[in-house]
Amino acid sequence: MTSLISRISIGIVFLATATGAARADFSDGKMPDGTYHCEVYLLGMFLNLGDITIKGNVYTGPVTFGTVQQGYNYQMDANGVISWLGPLGGYTAGGNSLSMTQATLDGQNPPSFDIIMKQPDGAFTASTCTKGSNQ
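Rules and cut-offs
Residues numbered from 1 in each chain as written. Predicted model: local features only at pLDDT ≥ 70, side-chain atom pairs only at ≥ 80, totals over all residues. Heavy atoms only, no water. Helix = DSSP H or I, 4+ residues; strand = E, 2+ residues; numbered from the N terminus. Buried < 20%, exposed > 50% of the residue type's maximum accessible area, 1.4 Å probe, protein only. Contact = heavy atoms within 4.5 Å. Areas by Shrake-Rupley, 256 points an atom, 1.4 Å probe, with all protein chains shown as cover. Pairing = 2+ DSSP bridges. Axes fitted to C-alpha atoms, helices over the stretch in contact; angles between N-to-C directions. Phe/Tyr/Trp six-rings, centres within 6.5 Å; stacked < 30°, edge-to-face > 60°. Core = buried A, V, L, I, M, F, W, Y, C linked by side-chain atoms within 4.5 Å. Polar contact = N/O pair within 3.5 Å; in protein donor to acceptor, adjacent residues only side chain to side chain.

So, the overall build of the protein chain
Within the protein chain, the secondary structure is distributed over one helix and eight strands. Reading the secondary structure of the protein chain in the N-to-C direction produces α-β-β-β-β-β-β-β-β. Taken across its 135 residues, the protein chain has 26% of its residues classed as buried. Partitioning the intrachain contacts of the protein chain with sequence separation of at least 6 by distance along the chain shows that 37% fall at a separation of at least 24. Working note: accessible area of the protein chain is about 8600 Å², and carbon and sulfur atoms make up 58% of it.

Structure below.
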């Protein structure tokens, strides 16, 4: 009986280790490269806020139309909190400020991050930026 319990325990540990290794994490301090489409749900509909492109530790955008301007660095901590080290379009314009950006890496869904913006009147708005599936 003890041998059976030992084998089951070892099997569970092995399965947990294999599953953990397959999961994406924040240990390298960056999001997967690609273009992230940003939207906000407002008044019963999704509004396009533009695309943010990430390559390594550099981001550009958000771009709704036109060409990409200058790239800026960003940092991401071990908990997936992103610090943008430059402007972030309308999120940081017109009296708006960033409250927090939280990344989500889940092997079953495309990588994404939620941007919480504080508006000049003190209200908060959340938008989600999701990596395109064809990248």
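And the narrative resumes.
Some words on the sheet that holds strand S8 (residues 124-131)
Pairing between the strands of a sheet is mediated by backbone hydrogen bonds and can be parallel or antiparallel. Read across the sheet, eight strands follow the order S5-S4-S3-S2-S1-S8-S7-S6 without closing on themselves; strand pairing throughout is antiparallel. Edge positions in the sheet fall to strand S5 (82-84) and strand S6 (97-104), since each has one partner strand and no second. Taking the axes of each pair of neighbouring strands and ignoring which way they run, one obtains an average angle of 30° across the sheet. Pairing geometry for strand S4 (residues 72-76) and S5, over three bridges, is antiparallel. Residue pairing across strands places Tyr74 opposite Trp84, the latter belonging to S5.

With respect to the packing of aromatic side chains
Tallied over the entire structure, the rule returns six aromatic pairs. Both rings, one in Tyr59 and one in Tyr72, keep their centres 6.0 Å apart while their planes meet at 35°; by these two values the pair is tilted. Highlighted residues: Tyr59 in strand S3 (residues 58-63) and Tyr72 in strand S4, separated in sequence by 13 residues. Note on Tyr59: relative accessible area 0%, which makes it buried. Owing to a relative accessible area of 26%, Tyr72 belongs among the partly exposed residues under this scheme.

Describing the nonpolar core
Counting 19 residues, the largest nonpolar core has Met31, Ile52, Ile54, Tyr74, Ile82, Phe113 and Cys129 as its most contacted members. Counting residues per element, the ones that place at least two in this core are strand S1 (34-42), strand S2 (45-55), S4, S5 and strand S7 (112-118). No other element matches the three residues that S7 contributes to this core. Discounting chain neighbours no more than four positions away, the residues touching Ile54 are Met31, Pro32, Asp33, Gly34, Tyr36, Tyr59, Tyr74 and Phe113.

Things to note about the side chain of Ser127
Along the chain, the position of Ser127 falls in strand S8. Relative accessible area serves as the criterion here: at 3%, Ser127 is assigned to the buried category. There is a polar contact of 2.7 Å between the side chain of Ser127 and the side chain of Tyr91. Filtering out sequence-adjacent residues up to four positions away, Ser127 remains in contact with Glu39, Val40, Leu49, Tyr91, Phe113, Asp114 and Ile115.

Structural notes on unusual backbone geometry
Cis peptide bonds are those with omega within 30 degrees of zero, and the linkage from Gly61 to Pro62 qualifies with 10°. Looking at where Pro62 falls in the secondary structure, it is placed in strand S3.

Description of the pairing of S7
With seven bridges joining them, S6 and S7 adopt antiparallel strand pairing. Considered in S7, the bridge of Thr101 is made with Ile115. In the sheet, S7 pairs with S8 via seven bridges, with the strands oriented antiparallel. Across the sheet, Ile115 pairs through a bridge with Ser127, a residue of S8. A loop of five residues connects S7 with S8, the two strands running antiparallel in sequence, and Gly122 in this loop sits at a positive phi of about 95°.

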